[in-house]
Amino acid sequence: MIKKILNRTWKSFLHNWLKRRIPRQSSHLLRHDNIFIVPSKTGLGFVVLIILLWLLGTNYQNNLILSVTFLLLALIVICIHHTYAQLSGLQISVTKTHPGFVGNKGVVDLLIKRQNLRAYESVELAWPGIDPITISLIDESQCSVSLSVPLTYRGRFQPERLKVSTHFPLGLIVAWSYLDFDAPVLAYPQPVTSSVQPTKQLLDDTDDVFHQPMVAGHEEFAGLREYYPGDSLRSIDWRAMARGQGLATRTYEDYVSQQYWFDWQQFEGMSREARLSRLCDSILQQENDSIYGLRLPGLNIEPGQGEEHRKQLLEALALFEWEKNI
Amino acid sequence: MAFFGNQKIADSSHSKPKKYVNRQSLLGLLFAQGSAVLLHFSQAPIWLLLLAVVVFIWRLQILRSQWSFPNRFVRLCLVIFSMAAVVLYYKEWYALEPMVSLLIIAFLLKLLEVDQQRDALILIFVGYFVTASAFLFDQGIISTLLGIFVLWSLTACMVVLHGSRIQYLSRRTVRMVSVLLIQSVPLMLLMLFVFPRIGALWSVPIQSSSAVTGVSDSMSPGDFSQLTRSRKLAFRVSFDDDRIPDPSQRYWRGLVFTEFDGRRWERPKGANLYKGKEPDKTEFIADGPTFNYEVILEPTNTPWIYSIPLAEVTDKRFIRSAANEMWLRDPVTQRIKYKASSTLNYRTRERDERLKQSLMLPKGYNPRSIEMAQKWRRESISTENYIKKILNFYNQKFTYTLSPPKLGQHTVDEFLFSSQSGFCEHFSSSFVVLMRAAGIPARVVVGYQGGKWNDADNYLLVRQYDAHAWAEVWFSDKGWVRVDPTAAVAPNRIEQGLLDTLSVADQDLLEHSGLPSFDWINRLSLKWDSINYRWQSWVLSYDQDTQSTFLKKLLGEVTSTRLAILLIAPGMIMLIIFGFFTLRNISKPTLRKVKLYQALIRRLERRGVPSVAGEPLTDHCKRATHTIPDKKDLIHKLSHSINTCLYSSEDDISNHSYKELKQLIHRL
């Protein structure tokens, strides 16, 4: 219990301190005021090794063993500077973010550039809970990485602080920085399948008949095609068969509007998130050429078609009253 | 996006990642480990080296995917067999040697398990320890250099293990590791000199087989002739000033034997200083010139040291025994260094009971010798006369040889009257018996005699074949006086050393150095020895005492505050210097194009064309061409090139063009 409280206090303290120390930016230059250096676990093991060596050297009054001891000790000190130099001078900036669905991952594109001609080896970048990705800048002066980030809430998802760290060259010292990037990732609602069908809207007024899309139906003759077993016997073009042209099937089409409306009201009685999830799934289910619109409280998006339209709808779902969600 | 160096996408979220050792690090590890084990070559038993070879081949085959990792049963068998080997090989457990062997075994067998980064790190740490422990057994130049190399390769292993694209034997690694180590050296030296030294904390002998090297604590016929076949180094001596005793005076006194059982000479029972009571001090009166010298004694596994009588050793580690021997508390298992000063003219006093001890002879042994001694004593007018008579006897009838015939029960009788050929032990033993039989207190002294003078570095090299035994005879007016019967038989042995004394047949008995004995080889080996000697005296010289003198010289008075300042100050200075450079670099990463620009402006100002605020570089240069018309072309060129630089990316400026432009600016 006490441990929990202490832990929470410590975390909030750390959080506030970091907030002041490394404010949110879209680009960070790693330098002395945002790089932290501590001995690593390996380094502590190394210190134990040094103590053992010192005991050996002291006990047998052996100057060479003592030299080795002190050399290794000096190596730790020197290593501090070298590890620091492995981070300092790196400019990390967000170039782009790619949206994703809650429960899945979004992607943040980062550009890592060096401000000097030093070689950077094994710099690890990681969001909390994600395997780090390792980059190096040896001959090239910049590189870009795409980091996936798990999305936990809908709306403009703000990733946690990115941990940039390195153990190079000796692993005795770890230099790290927690960078807060101003890189909101658009998080769509988590899709949930539902049995509710979208409202289909037929066009009654045929003002613009020729521009309406058609679906297979019974009203208008559309043409002939080859007979497939299972076609209705009534639709076989017997006259053509009598002419000796073989079996052919007559096809018909209806002037039916394919316009669907995804409506908030359809999911009566559900919570906001549940409705959004189902709407999201419905939109995802649509074929590329289908036409659909979206009705949300206070927002009407006219039916449209294509990938851009889908994105627009999803974005609307993502941003619908999202601040209330956090 | 052609300018992107490399594009990576991270998309994994499994639990804790296991980092596996890559091929590069593993090869490096094998290399470093091999050299670390090689460092123990002289000390480790041969089967351990065989194990190393087997393990290395196995691991290489795993690396080449030819063999697989050993399963648990095989590993267990390997551990059990190696443990058994250690148990069988080393009889004595309470020593460092078997422990180091165990460490090496663990070090080797762990290699068959390594596939993760953690294992590799443990292996490297153990590697550092194994390397350092090799210095317990040998601190020579060669093993030091090899040790540095092993440290280097282990550190390189660490670097490769933590890098992702760095190769083990690439130029970048070589440079990086060398820079790391070289930068560490000043700090290491500081700590080495200043870090407080404390004495030994516990005592675990280094060698488990405490095989005594050199003179042992008893003497029977055959011991010395065995010993003198060895060319091994016993000790080295350097003298202060240029005062060096004559070859005939270089008697390195070790032990004094007074007890004789008919065959074997020994120290009196209970005379071991620290097991019994305090040693009683006998008075020594020394006057005349003294020699100051420093001895570096090779490990002997015995607790006494050698010095020219009458020696004064200031070192508190040593205690003088009643018979004027110098003793240590523990056997000398590592090379040690001590200072002594000797006076050749001295007199000693002795207690009566000890004189009585020096007259005792075993009953029933050597009747003929005793009879002869008593007869000759009666015929001589004085002790001196008697001694002269015996030495004459040796001189006329005896031969000096490394391979004397074996002796039976009455060793002295047989030697004196039948074989009449022998070695220093035979002469000293028979001489003391003859003295005692005549009622003159006498005793056998063992140690070394002579030594080879190394001209290159002015020190004396005493080898095992310089081991010698002589006698001391009691005169009531002078005390104990050295008499060397061997000198009567083979004066060359004393004057020129053993090698010149031996017959050709005897010389073959000596251990071969492995090299034909040419003059230049001898000179080369002497030179090499003198380099080694300097190194050893340098490495050994810094101890607790030297440190305190050094610190006193440096600080005036050693207080904890001053010591702390001395320790912290250089570190602080280094931090400040380092910090200054890094901070300056970070706050203003001065681009090279900016440097060029500033250099040009500075140059122009010096040539009398001051810059005007807000003026572009081209305009500034244009004005400059009016002031310095003779450099018109150069200024035009610089103006154009640097302007181009200013508007291009920093990476586009090659090292070559940067240097060229700098030179051009200087020509302005």
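Residues numbered from 1 in each chain as written. Chains lettered and ligands numbered in written order. Predicted model: local features only at pLDDT ≥ 70, side-chain atom pairs only at ≥ 80, totals over all residues. Heavy atoms only, no water.

(A) Molecular detail of the overall build of chain B. When its secondary structure is counted, chain B shows 24 helices and 21 strands. Across the 668 residues that make up chain B, the buried fraction comes to 48%. For chain B, long-range pairs separated by at least 24 residues make up 73% of all intrachain contacts whose partners lie at least 6 apart in sequence. (Helix = DSSP H or I, 4+ residues; strand = E, 2+ residues; numbered from the N terminus. Buried < 20%, exposed > 50% of the residue type's maximum accessible area, 1.4 Å probe, protein only. Contact = heavy atoms within 4.5 Å.)

(B) Highlighting the overall build of chain A. Counting secondary structure elements, chain A contains six helices and 18 strands. Counting the 326 residues in chain A, one finds 50% classified as buried. For chain A, the share of sequence-separated contacts (at least 6 apart) that also reach a separation of at least 24 residues comes to 67%. Summing over all exposed atoms, chain A offers an accessible surface of approximately 16,400 Å²; the carbon and sulfur share of this is 54%. (Areas by Shrake-Rupley, 256 points an atom, 1.4 Å probe, with all protein chains shown as cover.)

(C) Structural view of the state of the cysteines. Residue and element names in this part refer to chain B. Counted by the stated rule, this structure contains zero disulfides over all chains. Lacking any disulfide linkage, cysteine 621 is separated from the closest cysteine sulfur, that of cysteine 645, by 13 Å. Taking relative accessible area as the criterion, cysteine 621 reaches 2% and is therefore assigned buried. (Disulfide = S-S within 2.5 Å.)

(D) Seen up close, the packing of helix α5 (residues 117-137) of chain B against helix α6 (residues 141-162) of chain B. All names here are of chain B. Where α5 meets α6, the closest approach of the two axes is 10 Å, and the angle between their N-to-C directions is 170 degrees. Here α5 lies roughly antiparallel to α6, going by the angle between them. Between α5 and α6, the contacting residues are Gln117, Ala120, Leu121, Ile124, Phe125, Gly127, Tyr128, Thr131 and Phe135 on the first element and Ser143, Thr144, Gly147, Val150, Leu151, Leu154, Thr155, Cys157, Met158, Leu161 and His162 on the second. Among the residues making up the contact of α5 with α6, the classes are represented as 12 nonpolar, eight polar and no charged. (Axes fitted to C-alpha atoms, helices over the stretch in contact; angles between N-to-C directions. Parallel < 35°, antiparallel > 145°, perpendicular 65-115°, else oblique. Nonpolar A, V, L, I, M, F, W, Y, C, P; charged D, E, K, R; others polar.)

(E) Molecular detail of a nonpolar patch on the surface. Residue and element names in this part refer to chain A. Residues Met1, Ile2, Ile5 and Leu6 make up a contiguous nonpolar surface patch of about 500 Å² in total accessible area. Inspection of the secondary structure assignment puts leucine 6 in helix α1 (residues 2-21). Judged by relative accessible area, leucine 6 falls into the exposed class, the value being 56%. (Patch = residues over 30% accessible without salt bridge, like charges linked within 9 Å, V, L, I, M, F, W, Y side chains within 5 Å. Salt bridge = Lys/Arg side-chain N within 4 Å of Asp/Glu carboxyl O.)

(F) Region of interest: the interface of chain A and chain B. Contacts between the two partners involve 64 residues from chain A, matched on the other side by 72 residues from chain B. It is Tyr60, Leu64 and Asp131 of chain A in chain A that bury the most area against chain B; as a group they hold 11% of the surface buried on that side. There are two salt bridges connecting chain A and chain B. Its salt-bridge partner being arginine 172 of chain B, residue glutamate 121 of chain A comes within 2.3 Å of it at the nearest N-O pair. Taken together, the links from chain A to chain B amount to 13 residue pairs in polar contact (both at pLDDT 80 or more). Of all the secondary-structure elements, those providing two or more residues to the side of chain A that touches chain B are α2 (41-59), α3 (63-85), β5 (105-114), β6 (120-126), β7 (133-137) and β8 (142-150) of chain A. For the side of chain A that touches chain B, the element with the most residues is α3 of chain A, which contributes 17 residues. Its residues placed into classes, the side of chain A that touches chain B shows 34 nonpolar, 24 polar and six charged. (Buried area = accessible area lost by both parts, 1.4 Å probe. Polar contact = N/O pair within 3.5 Å; in protein donor to acceptor, adjacent residues only side chain to side chain.)

(G) Broad picture of the sheet that holds strand β10 (residues 311-312) of chain B. Residue and element names in this part refer to chain B. Reading across from one edge, β10-β13-β8-β3-β19-β18 is the order of the six strands in this open sheet, with antiparallel pairing throughout. In this open sheet, the two strands that pair with only one neighbour each are β10 and β18 (452-454). Bridging between strand β3 (residues 233-239) and strand β8 (residues 290-297) involves five bridges; their strand directions are antiparallel. Paired with valine 237 across the strands is valine 295, a residue of β8. (Pairing = 2+ DSSP bridges.)

(H) Here's a closer look at the pattern of salt bridges. Counting across every chain of the model gives 23 salt bridges over all chains. Note that glutamate 113 of chain B is salt-bridged to arginine 75 of chain B, the shortest N-O span being 3.4 Å. Residue glutamate 113 of chain B is found in the loop between α4 (96-110) and α5, and its partner arginine 75 of chain B is found in helix α3 (residues 72-89); the two are separated by 38 residues along the sequence. Here aspartate 529 of chain B and arginine 236 of chain B are joined by a salt bridge, their closest N and O atoms 2.9 Å apart. With aspartate 529 of chain B in helix α18 (residues 519-541) and arginine 236 of chain B in strand β3, the pair connects residues that are 293 residues apart, well separated along the chain. One exposure class covers both aspartate 529 of chain B and arginine 236 of chain B, and it is buried. Taken together, the shared-partner salt bridges connect Arg154, Arg272, Glu273 and Glu321 of chain A into one network.

(I) Representation of unusual backbone geometry within the structure. Geometrically, the link from phenylalanine 168 of chain A to proline 169 of chain A is a cis peptide bond, its omega value of 0 degrees lying close to zero. One can find proline 169 of chain A in the loop between β10 (162-166) and β11 (173-179). Across the junction of proline 309 of chain B and leucine 310 of chain B, the peptide omega takes the value -5 degrees, indicating a cis bond. In this fold, leucine 310 of chain B is placed in the loop between β9 (304-305) and β10. In this structure, serine 122 of chain A takes a positive phi of about 55 degrees despite not being glycine. For asparagine 324 of chain B, which is not glycine, the phi dihedral falls at a positive 70 degrees. Structurally, the position occupied by asparagine 324 of chain B is in the loop between β11 (319-320) and β12 (326-327). Taking the relative accessible area as the measure of exposure, asparagine 324 of chain B reaches 11% and is therefore buried.

(J) Fine view of the sheet that holds strand β20 (residues 467-475) of chain B. Residues and elements named next belong to chain B. In spatial order, the strands read β4-β17-β20-β21; together these four strands make up an open sheet with antiparallel pairing. Single-partner strands in this sheet number two, and they are β4 (251-257) and β21 (479-483). Ignoring strand direction, the axes of neighbouring strands in this sheet form an average angle of 35 degrees. As paired elements, β4 and strand β17 (residues 442-449) share six bridges and run antiparallel to each other. In the sheet register, phenylalanine 257 faces β17, and the bridge partner there is valine 444.

(K) Representation of the side chain of serine 35 of chain B in the model. All names here are of chain B. Here serine 35 lies in helix α1 (residues 23-38). Here alanine 32 takes part through its backbone oxygen, which lies 3.0 Å from a polar atom of the side chain of serine 35. Setting aside its immediate chain neighbours within four residues, serine 35 contacts Phe149, Val150 and Ser153.

(L) View of the pairing of strand β18 (residues 299-304) of chain A. All names here are of chain A. Pairing of strand β17 (residues 292-296) with β18 involves four bridges; the strand directions are antiparallel. Bridging from a neighbouring strand, leucine 296 pairs with leucine 299 of β18. What sits between β17 and β18 in their antiparallel hairpin is a turn of two residues, with glycine 298 showing a positive phi close to 80 degrees.

(M) Looking closely at a positive patch on the surface. Residues and elements named next belong to chain B. The grouping of Lys595, Arg602, Arg606 and Lys662 at the surface amounts to a positive patch. Sorting elements by how many residues they give to the positive patch places helix α21 (residues 592-606) first, with three residues. Within the secondary structure, arginine 602 is located in helix α21. (Lys, Arg positive; Asp, Glu negative; His and termini not counted. Charge placed at Lys NZ, Arg CZ, Asp CG, Glu CD.)

(N) Up close: the packing of aromatic side chains. All names here are of chain B. The tally for this structure, following the rule as stated, stands at 39 aromatic pairs over all chains. Measuring from ring centre to ring centre gives 5.5 Å for tryptophan 474 and tryptophan 480, while their planes differ by 65 degrees; the resulting arrangement is edge-to-face. In this pair, the class of tryptophan 474 matches that of tryptophan 480, namely buried. Cluster of aromatic residues (ring-pair linked, three or more members): Phe235, Phe239, Trp252, Tyr293, Tyr306, Tyr448 and Trp453. One Lys or Arg, arginine 368, reaches over the ring of phenylalanine 417 and ends 4.3 Å from the middle of that ring. Lysine 478 extends its terminal NZ or CZ atom over the ring of phenylalanine 475, reaching a point 5.0 Å from the ring centre. (Phe/Tyr/Trp six-rings, centres within 6.5 Å; stacked < 30°, edge-to-face > 60°. Lys NZ or Arg CZ within 6 Å of the ring centre and 35° of its normal.)

(O) Up close: the pairing of β10 of chain A. Residue and element names in this part refer to chain A. Most of β10 sits inside the fold, with four of its five residues counted as buried. For β10 and β11, the ladder comprises five bridges, and the chain directions are antiparallel. By the bridge assignment for β11, leucine 162 is matched with leucine 179. Following β10, the chain reverses through six residues before pairing antiparallel with β11; glycine 171 in that reversal takes a positive phi of roughly 80 degrees.

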